[in-house]
Amino acid sequence: AVTASLTACNLLRNNLDKDSAVMLTEAAKKKKISLCGISMDQTSADLSYQGLGPIDAILITSDLGIRASLTQLDLSENQLCGLDCRGQGTYDATGIK
């Protein structure tokens, strides 16, 4: 019998609320599942220009804890703290607390 298990899925930009994101990261950490679509042996990821926000930062942080092979990550031109590269938007530290 073959047993398959989920190792990666991409939940970025899904308009999750903070509580849902935290709940998902807790479950994903136990099972070592990437919530950002990063494969187990992937060494770099380009998440630039994705329109990512503070809740996405929670998911990314979870992935960094379980993907030791990842040595390069580009998060440029996103709004992970609610601000764009010009400082426009509303500051939100949800994803970095």
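What counts and what doesn't
- Per chain, residue numbering runs from 1 following the sequence as it is written.
- For a predicted model such as this one, the threshold for reporting local features is a pLDDT of at least 70, and the threshold for listing and counting side-chain atom pairs is 80 or more; totals across whole chains, interfaces and linings nevertheless cover every residue.
- To obtain the side-chain values, all non-hydrogen atoms of the structure were used and water was disregarded.
- Secondary structure follows DSSP: runs of H or I at least 4 residues long count as helices, runs of E at least 2 residues long count as strands, and numbering of each begins at the N terminus.
- Residue exposure (1.4 Å probe, protein chains only): buried if accessible area is under 20% of the type maximum, exposed if over 50%, otherwise partly exposed.
- We call two residues contacting when some pair of their heavy atoms lies within 4.5 Å.
- Lys and Arg are tallied as positive, Asp and Glu as negative. Neither His nor the chain termini are counted.
- By convention, the charge on Lys lies at NZ, on Arg at CZ, on Asp at CG and on Glu at CD.
- Note that a disulfide, as used here, is simply two cysteine sulfur atoms within 2.5 Å.
- Predictor confidence is given residue by residue as pLDDT, running from a minimum of 0 to a maximum of 100.
- Remark: nonpolar core denotes a set of buried residues (Ala, Val, Leu, Ile, Met, Phe, Trp, Tyr, Cys) joined through side-chain atoms within 4.5 Å.

(A) Highlighting the overall build of the chain. Helix and strand counts for the chain come out as two helices and two strands. Reading the chain from its N end, one meets helices and strands in the order α-β-α-β. Each of the three principal axes of the chain carries a C-alpha extent, and together these read 55 × 30 × 20 Å. Burial status across the chain gives 34% buried among its 97 residues. Counting contacts in the chain only where the partners sit at least 6 residues apart, residues at least 24 apart contribute 78% of the total. The average position of the 9 basic charges and that of the 11 acidic charges among the side chains of the chain differ by 8 Å.

(B) Local environment of the state of the cysteines. If you walk through the whole model with that rule in mind, you get zero disulfides. Lacking any disulfide linkage, cysteine 36 is separated from the closest cysteine sulfur, that of cysteine 9, by 8.6 Å.

(C) Structural view of the confidence of the model for the chain. Taken residue by residue, the chain gives an average pLDDT of 90. The fraction at 70 or more is 94%. Averaged pLDDT values for the elements of the chain fall to 95 in helix H2 (residues 54-66) and rise to 97 in strand S1 (residues 44-46).

(D) Here's a closer look at the nonpolar core. Counting residues in hydrophobic clusters, the biggest one holds 17 residues, and the most contacted among them are Leu12, Cys36, Leu52, Leu59 and Ile60. Secondary structure elements with two or more residues in this core: helix H1 (18-31) and H2. If we ignore the near neighbours within four places in the chain, the residues touching leucine 12 are Leu35, Cys36, Leu47, Leu52, Asp56, Leu59 and Ile60.

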